[in-house]
Amino acid sequence: MKRTKISLIGAALTAVMAMPAAAQESVSAVVIDGYPDRALWVKEFSNFFIPEVDRHLAETGAYKMNWQENYGGSIVKPKGVLEGVQLGLGDIGIVTTIFHSSKLPSQGISGSTPFVATDARAVAKAVDEVAREFPAMQNEFAAQNQVYLATGVVLDTYQVFCSDEVSSVSDLQGRKIAGAGLNLRYLEGIKDAAGVRGGLTDFYNMLQTGLVDCAMLWPEAAKTFKIAEVAPFMLRADLGAVNSKTVTVNADYWGKLPDGVKEVLKAVAIDYRDHVAGIAMDRAAASRDAYVAAGGTIVELSAEDRAAWANAMPNVAQEWAETLNGNGEDGTAMLAAYLGKLADAGHTGVRDWTTK
């Protein structure tokens with residue numbers, strides 16, 4: 001009997017020693033975006049963001065994420081991510097901020113300063129640094145029941161894609177041109193040009209049906225969505241890289257997350273920001289080549305035309321700053337800080353947006 005007791009105790013001790021020091025906690029995360037998984041930023045969220053979070057968490061072994069990815073309209077449409085995360089339909093979302101200029105005015109900082117920088121990496125870094133130095137961007141997302149993680153740039157620079165040949169700004173006069181958000185303001189200096197609001201997933205059909213003559217988008221997206229089939233002429237205007245994606249987390253969900261998971265999400269969001277911007281730049285030239293290979297023709301807009309276009313526009317940057325000032329935020333200082341960061345990185349625009 002005594003020997004049996006000793007054997008049982010030994011077995012129990014062996015079992016205890018074999019157990020992990022602490023049980024691994026599973027954390028569920030529902031990720032949403034209305035765009036399809038072939039879109040660059042969605043694809044890289046699956047291929048980079050999620051594996052990086054998993055890798056960092058595996059280093060400690062305390063937590064394991066249970067990811068549920070929902071893209072392409074399965075939960076929300078492209079314009080519905082902000083509200084979807086706000087309502088808790090998704091825990092983490094990739095918000096396309098250009099659809100929400102009234103709710104997220106500070107996110108329009110790069111869209112309000114065209115003809116400055118075509119480097120997605122520089123713009124992404126500058127915008128995100130401004131977001132961390134000034135409270136405006138984080139305050140705006142907080143008002144939507146969300147926690148700001150990082151702002152990203154997925155395009156190297158907007159260009160103009162048309163169904164008929166174009167070679168100058170004058171060729172855009174009287175045309176219907178699709179765009180989204182602030183880039184529609186760029187058309188205000190072009191005689192009789194009419195901006196038509198649309199989304200990236202709409203542009204192909206808008207061009208094919210003749211609803212519009214041109215669309216403002218970037219070469220990587222033109223390649224992905226086969227724009228050369230319906231708009232075989234690209235006017236290379238280099239309007240500029242624009243921040244349009246921000247990774248956010250539902251505030252109620254965030255409040256329940258362990259600190260160890262929060263820290264990893266914040267760190268990986270910055271890595272994702274730089275990773276996606278880097279891919280956008282790496283693919284820029286290849287995407288232009290692919291557009292030509294698919295039957296497209298690229299025409300360079302002259303430096304004189306670019307300057308004339310920029311100077312004919314209303315000063316949307318000043319309007320942006322004044323809107324922020326009116327909201328109690330220091331829009332003037334944010335604008336100066338942003339352009340200063342770009343200048344330090346070697347990017348100076350053809351127009352000084354800080355002067356009226």
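Every chain is numbered independently, its residues counted from 1 as its sequence is written. Per-residue local features are limited, in this predicted model, to residues with pLDDT of at least 70; the limit for side-chain atom pairs, both in listing and counting, is 80 or more; totals at the level of whole chains, interfaces and linings are taken over all residues. Side-chain figures throughout are based on the complete set of non-hydrogen atoms in the structure, without hydrogens or water.

## Regarding the side chain of Gln144
Here Gln144 lies in the loop between α5 (136-142) and β4 (146-152). Throughout this description, buried means an accessible area under 20% of the type-specific maximum (1.4 Å probe, protein chains only), exposed means over 50%, and partly exposed covers the range between. Taking the relative accessible area as the measure of exposure, Gln144 reaches 10% and is therefore buried. Between two residues, a contact is recorded if the distance between any of their heavy atoms is within 4.5 Å. Sequence-distant contacts of Gln144, that is, excluding residues within four places in its chain, are made with Leu82, Gln86 and Lys103. Under the DSSP-based scheme used, a helix requires at least four consecutive residues in state H or I and a strand at least two consecutive residues in state E, with every element numbered from the N terminus.

## Examining the nonpolar core
Residues enter a nonpolar core if they are buried and are Ala, Val, Leu, Ile, Met, Phe, Trp, Tyr or Cys, with the set joined through side-chain atoms within 4.5 Å. Among the nonpolar cores identified, the biggest contains 121 residues, and Trp41 and Trp309 are the most heavily contacted of them. Other than its neighbours up to four places away in sequence, Trp41 contacts Asp33, Tyr35, Ile94, Val154, Leu200, Trp218, Lys245 and Tyr272.

## Side note on the sheet that holds strand β1 (residues 25-32)
Strand pairing is defined by DSSP finding a minimum of two bridges between the two strands. Here we have five strands laid out as an open sheet, ordered β2-β1-β3-β10-β4, and mixed in their pairing. The open sheet has two edge strands, β2 (63-70) and β4, and neither has a second partner. Averaged over all pairs of adjacent strands, the angle between their axes in this sheet comes to 25 degrees, without regard to strand direction. Bridge count for β4 against strand β10 (residues 245-250) is six bridges, and the pairing is antiparallel. Paired with Thr151 across the bridge in β10 is Thr246. Axes, fitted as lines to C-alpha atoms, cover a helix only where it is in contact. Angles between the N-to-C directions of the axes lie from 0 to 180 degrees. The strands that helix α9 (residues 259-293) touches are β1, β2, β3 (92-96), β4 and β10; relative to β4, the one it contacts most, it runs at about 25 degrees.

## A word on the confidence of the model for the chain
Known as pLDDT, the predictor's confidence for each residue is given on a scale from 0 to 100. Scored by pLDDT, the chain has a mean of 92; 94% of the residues are at 70 or more. Scored below 50 in pLDDT, residues 1-20 shows zero contacts in the model against residues more than four places distant or in partner chains.

## Notes on helix α12 (residues 331-344)
For a helix, the expected span equals 1.5 Å multiplied by the residue count minus one. Over its 14 residues, α12 extends 20 Å from the first C-alpha to the last, a length consistent with the 20 Å expected when each residue adds 1.5 Å. Regarding α12, the residues found buried are Gly331, Met334, Leu335, Tyr338, Leu339, Lys341 and Leu342. Within α12, the buried residues cover an arc of 155 degrees as seen down the axis, which keeps them to one side. Structurally, α12 contributes buried residues whose contacts are with α4 (120-133), α5 and α11 (316-326). Gly346 sits one or two residues past α12 and shows a positive phi near 95 degrees. Directions pointing from the helix axis toward each C-beta atom define the arc.

## A few points about the packing of aromatic side chains
We call Phe, Tyr and Trp rings a pair once their centres come within 6.5 Å, taking the six-membered ring for Trp, and we label the pair stacked below 30 degrees between planes, edge-to-face above 60, and tilted otherwise. Counted according to the given criterion, the structure contains eight aromatic pairs. With a centroid separation of 4.2 Å and 15 degrees between ring planes, the pair formed by Phe45 and Phe49 is classed as stacked. In this pair, Phe45 and Phe49 both sit in helix α2 (residues 40-60), four residues apart, roughly one turn of the helix. No difference in accessibility class separates Phe45 from Phe49, as the two residues are buried. Measuring from centroid to centroid gives 5.2 Å for Phe161 and Tyr291, while their planes differ by 80 degrees, and the two rings are edge-to-face. You can see Phe161 sitting in strand β5 (residues 158-162) and its partner Tyr291 sitting in helix α9, a full 130 residues away along the chain. Judged by its relative accessible area of 3%, Tyr291 falls in the buried class. Three or more aromatic residues joined by ring pairs form one cluster here, namely Phe45, Phe49 and Tyr272. When the ring centre of Trp41 is taken as reference, the NZ or CZ atom of Lys245 above it lies at 3.7 Å. To sit over a ring, a charge needs its Lys NZ or Arg CZ within 6 Å of the ring centre and within 35 degrees of the ring normal.

## Side note on the environment of Asp330
Among the secondary structure elements, Asp330 is positioned in the loop between α11 and α12. Along the backbone, Asp330 and Ala308 are 22 residues apart, and their C-alpha atoms lie at a distance of 30 Å. Excluding its chain neighbours within four sequence positions, the residues that come into contact with Asp330 are Phe134 and Asn325.

## So, the layout of surface pockets
Reported here for the largest pocket is a volume of approximately 450 Å³. Classification used: nonpolar for Ala, Val, Leu, Ile, Met, Phe, Trp, Tyr, Cys and Pro, charged for Asp, Glu, Lys and Arg, polar for all others including Gly. A class-by-class count of the residues in the lining of the largest pocket yields 12 nonpolar, 10 polar and five charged. A 1.4 Å probe that fits but cannot get out identifies a cavity on a 1 Å grid over protein atoms alone, an open set with protein on both sides within 12 Å along at least five of seven lines counts as a pocket, and a residue lines either if it has an atom within 4 Å of a point. Grid points are joined across faces, edges and corners, and a volume is the space filled by probe spheres set on the points.

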